[in-house]
Structures are given as structure tokens and as C-alpha cells.
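Below, each chain spelled out in residue letters.
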Amino acid sequence: CPRMALMNKPTYAAIRTYSPSKPVLVFVSSRRQTRLTAIDLVAYCTSDGDPHKFVHMTQEELDGAINAVKDENLKHMLSFGVGLHHAGMLSGDRKVVEELFVEQKIQVLVATSTLA
């Protein structure tokens, strides 16, 4: 949805302004939108010159978490500190993402209403 995509840049700006180091939940309307929003957030972060600003763990911890995940898109997003959460995920992947976010090892979680 183009209208949702237009919200990604203001969302990134709000994260930088109001929550530069604290956890952030971004709710979107669909499974597809979780991936698209996460991709845009990673792109904005990378263009700012600090692609790993949302990662708050050692490289070893990050590698372990990424190896525990099956979904390739999720692995890529986690490497930038951005998680995805929706009903179509494997339960093991969902559990890894939830633990990383609760433990504040990733800063951003893009989710559908199934998280609530």
C-alpha cells in the first residue's frame, strides 16, 4: 500500500527523535507490510551512516540469534536490530524475536495486531 509506505520515513524520524535508544513497537496492518516497513527502516538507518544503531548485543549473540532463525528475511532484518512479528511466522522464529525485543537486544519491532 503506497499510503503505508509514505509513513515509513516519518516513523524513522520519530524513532530518532523520541526513542533514540529505547525499544520501539511499530504496528502495521498486514504481514507483507511488516517486511516492507522493516526494509525501509533499515534503509533509512543505513543512509544515516549507522546501519547497526538498533542492535544492542555483541556480534556473537547476534550470530547465535540469526542462526536460530529459519526465515531469511527475518535473519537479514535482525542483523540490523529490527524484528518482525506476525501470525504467519514459525513459532520458533517468533519466540526468538520476542525474546530479543523483551531483552532489549533489538530496538525496533514491526508487528501486526497479533502481537497485542
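Before any of the text, the structure's been laid out above.
If you're wondering where the values come from, they're calculated on a predicted model, not measured in any experiment.

### Overview of the overall build of the protein chain
Looking only at helices and strands, the protein chain features six helices and three strands. Each helix and strand of the protein chain, placed in order from N terminus to C terminus, yields the pattern α-α-β-α-α-α-β-α-β. For 116 residues, the compact-globule estimate of 2.2 N^0.38 gives 13 Å, and the C-alpha radius of gyration of the protein chain, at 13 Å, lies within 12% of that figure. With respect to the principal axes defined by its C-alpha atoms, the protein chain has extents near 35 × 30 × 20 Å. Counting all 116 residues of the protein chain, 41% fall into the buried class. The contacts in the protein chain between residues at least 6 apart in sequence include a share of 75% that link residues at least 24 apart. Entry remark: accessible area of the protein chain is about 6,500 Å², with carbon and sulfur atoms responsible for 55%. Computed over 13 positive and 12 negative side-chain charges, the separation of the two mean positions in the protein chain equals 9 Å.

### Regarding the sheet that holds strand E3 (residues 108-111)
As summarised here, the arrangement of the three strands in space is E1-E3-E2, forming an open sheet in which the pairing is parallel. The open sheet has two edge strands with one neighbour each: strand E1 (24-27) and strand E2 (82-85). Pairs of neighbouring strands in the sheet enclose a mean axial angle of 20°, with direction left out of account. Lying over the sheet, helix H6 (residues 91-102) contacts E1, E2 and E3, oriented at roughly 135° with respect to E2.

### Overview of the packing of aromatic side chains
If you walk through the whole model with that rule in mind, you get two aromatic pairs. The interplanar angle of 70° and the centroid separation of 6.4 Å between the aromatic rings of Tyr-12 and Phe-54 together place this pair among those described as edge-to-face. Here Phe-54 lies in the loop between helix H3 (31-47) and helix H4 (59-68) and Tyr-12 lies in helix H2 (residues 8-18), a separation of 42 residues in the sequence. Neither residue differs from the other here; Tyr-12 and Phe-54 are each classed as buried. Pairwise contacts between aromatic rings join Tyr-12, Tyr-44 and Phe-54 into one cluster.

### Structural notes on the nonpolar core
In this structure, Leu-78, Val-108 and Val-110 are the most contacted members of the largest nonpolar core, which totals 31 residues. Those residues in contact with Val-108, other than ones at most four positions away along the chain, are Ile-15, Val-24, Val-26, Leu-41, Phe-54, Gly-81, Val-82, Gly-83 and Phe-101.

Cut-off values and rules
- Residues numbered from 1 in each chain as written.
- Predicted model: local features only at pLDDT ≥ 70, side-chain atom pairs only at ≥ 80, totals over all residues.
- Heavy atoms only, no water.
- Helix = DSSP H or I, 4+ residues; strand = E, 2+ residues; numbered from the N terminus.
- Rg over C-alpha atoms; globule rule 2.2 N^0.38 Å.
- Buried < 20%, exposed > 50% of the residue type's maximum accessible area, 1.4 Å probe, protein only.
- Contact = heavy atoms within 4.5 Å.
- Areas by Shrake-Rupley, 256 points an atom, 1.4 Å probe, with all protein chains shown as cover.
- Lys, Arg positive; Asp, Glu negative; His and termini not counted.
- Charge placed at Lys NZ, Arg CZ, Asp CG, Glu CD.
- Pairing = 2+ DSSP bridges.
- Axes fitted to C-alpha atoms, helices over the stretch in contact; angles between N-to-C directions.
- Phe/Tyr/Trp six-rings, centres within 6.5 Å; stacked < 30°, edge-to-face > 60°.
- Core = buried A, V, L, I, M, F, W, Y, C linked by side-chain atoms within 4.5 Å.

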